[in-house]
Protein chains: 2
Amino acid sequence: MQTTTNPGLVAAAERQIPTLHTTRIEPVRLVEAVADESAFQGWRVREVSSLAEWRSSAYGKGESFALDFGDHQVGYVSLSVRHVGSPPDAPLKLRLAFGEMPCEIAESFAEYEGWLSSSWLQEETLFVDVLPAEIRLPRRYSFRFLRIEVVDASPKYKAAFDAVVCEAVSSADRSAVESLPPSVPDDLRRMDRVAIKTLQDCMQTVFEDGPKRDRRLWIGDLRLQAQANYVTFRNYELVRRCLYLFAGMRLEDGAVGACVFEKPEPHVDDTRLYDYSLFFIATLRDYFKASGDRATLEELWPIAMEQVRIGLRRLDERDIVRDEESWYCFIDWHPELNKQAPAQAVLIYCLRRGLELARELGLAGDEADIAAGIERATKAALMHLRDEASGWFVSGAGRQVSWATQVWMALAEVLPAAEGAALLRKLLAEKPAVGMTTPYMHHHLVEALFMHGMAEEAVAHMRTYWGGMLEDGADTFWEIYNPDDKKLSPYGSNLINSYCHAWSCTPTYFIRTYGWEKLSNAGEAAL
Amino acid sequence: MQTTTNPGLVAAAERQIPTLHTTRIEPVRLVEAVADESAFQGWRVREVSSLAEWRSSAYGKGESFALDFGDHQVGYVSLSVRHVGSPPDAPLKLRLAFGEMPCEIAESFAEYEGWLSSSWLQEETLFVDVLPAEIRLPRRYSFRFLRIEVVDASPKYKAAFDAVVCEAVSSADRSAVESLPPSVPDDLRRMDRVAIKTLQDCMQTVFEDGPKRDRRLWIGDLRLQAQANYVTFRNYELVRRCLYLFAGMRLEDGAVGACVFEKPEPHVDDTRLYDYSLFFIATLRDYFKASGDRATLEELWPIAMEQVRIGLRRLDERDIVRDEESWYCFIDWHPELNKQAPAQAVLIYCLRRGLELARELGLAGDEADIAAGIERATKAALMHLRDEASGWFVSGAGRQVSWATQVWMALAEVLPAAEGAALLRKLLAEKPAVGMTTPYMHHHLVEALFMHGMAEEAVAHMRTYWGGMLEDGADTFWEIYNPDDKKLSPYGSNLINSYCHAWSCTPTYFIRTYGWEKLSNAGEAAL
């Protein structure tokens, strides 16, 4: 794969690898997952015995137990294991299964038939040749529950566990987070807390998309994490590091890649997404606005401007983003969703933020180019992508009406504010069939509602959607949540879903950005 | 468990932990195991492609390959693995199965239902989070074949292997082994070589019984390994270390335990075997005779003499070893074998060797006690354990006639030499039903034959038994071999047998102790 690398920018990013904060976490109870059709995904967790009883128990061949660490954790696990009985005359064989959710300690990983690699399932098979042993597992896990099975020992001894400990890690500093004012109602306080925990557990040496699965830096997630970070942990250095990684390693034509890997050395993935490349501009603008770091803005501006040009190059003779069959643009995980109109809207949205930056930098030429691009793309959207009869924006040759298209057109401010609000009201009322599937898309709906003065509807949607996750037992917010189909997985199995996922962390951004004072009437009304 | 520990002796043993010699071993060919009823255990190995082809291949989900390292190895394995395709978007999940024999890479470990712990099956499941990777597996393996399966990767990449290397370890110094004279025939040269390799691979920081399974120091194995060692590697320090471990950590009443463990700190197992405790005396005598190390003899003599007293204490009012139902004496792995008469013979055999040492040390009191013990036990054996009518020695209340009993009575020199030889000739001719099952027992038959001037029969038996293993493909000699039942396992599965086993290493001892010059006529005759 050909890439465009700027070693100076990558080196700047690597100089800012953060030191992780560590916290020692012990299990809080011994549990089991029991089938319960009324529980989320059909599994409920119940306490089976005290930890004191667990510590005094010994487990032989085929016996197992499950520990609950009380909350979602990302970190490294250590075990203290000893033998009970004769000197061990055979190794101890253990199988460990880590679960963010009860389904992961209840269902068999061996029967997994999802579409993503089974190698993401968090399990280990360990052979302990010498007992007693202190074992520190070298891999990092993302979990609340840990099931340990003694696959085999020998008739002469059993295994007992003195301690199983997690050293939780994050680059987020919890002490930087301000308390919410007392006026914020309890459910939103809880939503804020879980959103912050989600962000915290995704904040490692980069902003990861999910600490269980993928574990890498995607720019779509980064943009939302950074927004939540600015009102919570305020870790500007980590955002800066991520911007430099994306800036330093681009695709062949200079486009920012969709995601980058940190190890064994930083490298950009070969995934190219139209919207994600453009989000470099928006992320840089948000960073500058939050941090005031003008040196970074100046250094990275040429790359942002390059994304403007690459984005505009995709406009056809009508000034509409060229559509295609392949996966060229993300927007949302929806198998039917046409991406053309939302892509056009993302272009306009990002150009607007680029315009702000060009003005800030006093670059009249860039400013004029961007302004011209906004005008062309907006005019074309209104001319070719709006169905005058219905009032919907439509996408693709099939003139699809989707939630994503309306939301993004509202965010792009293609219409005057009042008309944008009317479009959103129509959307909430008429509910077109092609809906939203990820918290990432739900975020953009809520953001559009706030932007158009519809705080009441925004808070109501947060309560329905993220509030629904809370009611269904979320310790951190999920990659995927469909209140109408709770076993939905875009990957063919609940076991592989990520249950602490960056793009789901934004309730804290909404609560803290739009201010509870401003929201309280809306919030009270929606209670 | 109460034990009798002498910390000074244990400390002396620990000061002599040897440094291991290491050798870098690379695979020699890419193979597969194919079903073949005419092959040993039903599996044949055949070459499938060159190593160059293997190195240029990439393996995706569900694909596997098997490497042949050319000979039996004991050591640590390293892998160099890289991805082919896009940057890895999921961990690489590998399953490794190590096999001393083809059955281990051909049959599924998951279906193992043997009686010993499945934790002895040499396998690993690895998750590689970052590629390319250099992986050094922390555990030691005993193997010739290694099968690696890519359990999962992702559709975006496959795994390729640049190197899989074994760092073989042993405390044996091959350069110390003298060449055999040219007169030794090829089949015995090969038997000698394989026996030495067996001993070498069992020589680690102690004389292990088997580097694949058990991996600890048993005194029954030690005695034979030491005898083979004195005519090959001549590593006296390692024997000395093992004697001090047994001497330093005994059972409650002072009896030498059947086996000891080295880690996490030296400790004696709770297994007590009548014959094994007594073998401390014989092993000390052999060590002194080979090394001339009088200081060790003097220091350990009180413990040897203690074993004499403990051994004699088991004699009943007739001066016969008290029999019992439980597993109190080893002799051989044979479910029907009665141990009383062979235990009596082992007692006499070891008392004779103790007598030599008491004389050497000029300890008249001990000498007299031992001489009296030999007389009592021998007289009782001849009076109560010999069936005058048939001429057999008989064992237990059921007056069982076994090979083990005759062999041990011959070794104990209960009869005058000519009568002992006649007993052995009768044994070979009449073949009583209760036979021998382990190379350990076959060793004692061969030793008895040599001792009674029956070199021709001894060599013929070596050729049938160990020669049979060679014909069946042994790289090292096995724990278990029954030429009439080649799938025999005392543990319910061939997968768990040890195929490099200390007690099988003695052909080199016979060839080098009894001297090819003396044997050559016998050997030629038996060809």
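Bear in mind the structure is a predicted one, so any value in this text is a computation, not a measurement.

Quick look at the domain arrangement of chain A
Often, the extent of an interface is quoted as the loss of accessible area upon association of its parts. Residues and elements named next belong to chain A. On domain assignment, one finds that chain A holds domain 1 (23-169) and domain 2 (174-180 + 187-526). Facing the 28 residues of domain 1 at the interface are 27 residues of domain 2. Summed over both partners, the interface of domain 1 with domain 2 comes to about 2,600 Å²; 58% of that surface belongs to carbon and sulfur atoms. Of all residues in domain 1, F40, W120 and R140 give up the largest surface area on contact with domain 2, accounting jointly for 27% of the area buried on that side. On inspection of domain 1 and its partner domain 2, the count reaches three salt bridges. Between R140 and E208 there is a salt bridge, with its nearest N and O atoms 2.8 Å apart.

With respect to the UniProt feature "domain: Glycosyl hydrolase family 78 alpha-rhamnosidase N-terminal" (unreviewed entry) in chain A
Cross-referencing UniProt, the feature "domain: Glycosyl hydrolase family 78 alpha-rhamnosidase N-terminal" (unreviewed entry) maps to residues 27-168 of chain A in the present numbering. For the annotated span residues 27-168 of chain A, helix accounts for 7% and strand for 55% of the residues, and the straight-line distance between the end C-alpha atoms is 12 Å.

A short note on the pattern of salt bridges
Residues and elements named next belong to chain B. Inspection of every chain in the model, using the stated rule, returns 92 salt bridges over all chains. Residue R241 pairs with E262 through a salt bridge whose shortest N-O separation is 2.7 Å. Placement of R241 in helix α6 (residues 236-248) and of E262 in the loop between β13 (259-261) and β14 (267-268) is noted, with a sequence separation of 21 residues between them. For R241, a relative accessible area of 1% gives the class buried. Across the pair R318 and D316 runs a salt bridge, and its minimum N-O distance is 3.2 Å.

A short note on the packing of helix α4 (residues 186-202) of chain B against helix α14 (residues 455-471) of chain B
Residue and element names in this part refer to chain B. Contact pair α4 / α14: the axes reach a minimum separation of 10 Å and the direction vectors enclose 65°. Classified by chirality, the crossing of α14 by α4 is left-handed. Residues D187, L188, R190, M191 and V194 of α4 pack against V459, M462, R463, W466, G467 and L470 of α14. In the contact of α4 with α14, the residues fall into seven nonpolar, one polar and three charged.

Some thoughts on the UniProt feature "domain: Alpha-L-rhamnosidase six-hairpin glycosidase" (unreviewed entry) in chain A
UniProt's entry tags residues 187-511 of chain A with the feature "domain: Alpha-L-rhamnosidase six-hairpin glycosidase" (unreviewed entry), counted in the numbering of this structure. Along residues 187-511 of chain A one finds 55% helix and 3% strand; the C-alpha atoms at either end are 12 Å apart.

Structural notes on the relation of the copies chain B and chain A
With an RMSD of 0.1 Å, chain B superimposes on chain A once it is rotated by 180° and translated 0.1 Å along the axis. Classification of the inter-copy transformation places it as that of a two-fold axis. Nearest to the rotation axis, the C-alpha of T125 of chain B is located 3.1 Å from it, this being the minimum over chain B. The fraction of interface residues of chain B whose copies in chain A are also interface residues reaches 100%, indicating that both copies meet through the same surface.

Considering the pairing of strand β5 (residues 64-85) of chain A
All names here are of chain A. Pairing analysis gives three bridges linking strand β3 (residues 29-35) to β5, with the strands arranged antiparallel. Following the sheet pairing, V31 is matched in β5 by A66. Relative to strand β9 (residues 141-152), β5 runs antiparallel, the two being bridged by eight bridges. The residue of β9 that forms the bridge with Q73 is F143. Here β5 pairs with strand β10 (residues 157-170) via eleven bridges, running antiparallel. Looking across to β10, one finds that V84 is bridged to K158.

Considering the packing of aromatic side chains
When we look at a pair of aromatic rings, we describe it by the centre distance and by the angle of the planes. A full pass over the atoms with the stated rule returns 62 aromatic pairs over all chains. On the basis of an interplanar angle of 85° and a centroid distance of 5.1 Å, the ring pair of Y465 of chain A and W466 of chain A is categorised as edge-to-face. Residue classification places Y465 of chain A among the buried positions, given a relative accessible area of 2%. Taking relative accessible area as the criterion, W466 of chain A reaches 0% and is therefore assigned buried. Ring plane angle 90° and centroid distance 6.4 Å describe the contact between W327 of chain B and F330 of chain B, whose orientation is recorded as edge-to-face. On the accessibility criterion, F330 of chain B (2% relative accessible area) is buried. The structure contains a cluster of three or more aromatic residues connected by ring pairs, namely W218, Y276, F279, W327, F330, W333, Y349, W408, Y440, Y491 and W503 of chain A. Positioned above the aromatic ring of F279 of chain A, the side-chain terminus of R223 of chain A is 4.4 Å from the ring centre. Taking the ring centre of W392 of chain B as reference, the NZ or CZ of K426 of chain B above it sits at 4.3 Å.

What counts as what
Residues numbered from 1 in each chain as written. Chains lettered and ligands numbered in written order. Predicted model: local features only at pLDDT ≥ 70, side-chain atom pairs only at ≥ 80, totals over all residues. Heavy atoms only, no water. Domains from an automatic or database assignment. Contact = heavy atoms within 4.5 Å. Buried area = accessible area lost by both parts, 1.4 Å probe. Salt bridge = Lys/Arg side-chain N within 4 Å of Asp/Glu carboxyl O. UniProt positions renumbered as here; feature names shortened; annotations may be inferred. Helix = DSSP H or I, 4+ residues; strand = E, 2+ residues; numbered from the N terminus. Buried < 20%, exposed > 50% of the residue type's maximum accessible area, 1.4 Å probe, protein only. Axes fitted to C-alpha atoms, helices over the stretch in contact; angles between N-to-C directions. Left-handed = near helix turned anticlockwise from the far one by under 90°. Nonpolar A, V, L, I, M, F, W, Y, C, P; charged D, E, K, R; others polar. Least-squares fit on C-alpha atoms with pLDDT ≥ 70 in both. Pairing = 2+ DSSP bridges. Phe/Tyr/Trp six-rings, centres within 6.5 Å; stacked < 30°, edge-to-face > 60°. Lys NZ or Arg CZ within 6 Å of the ring centre and 35° of its normal.

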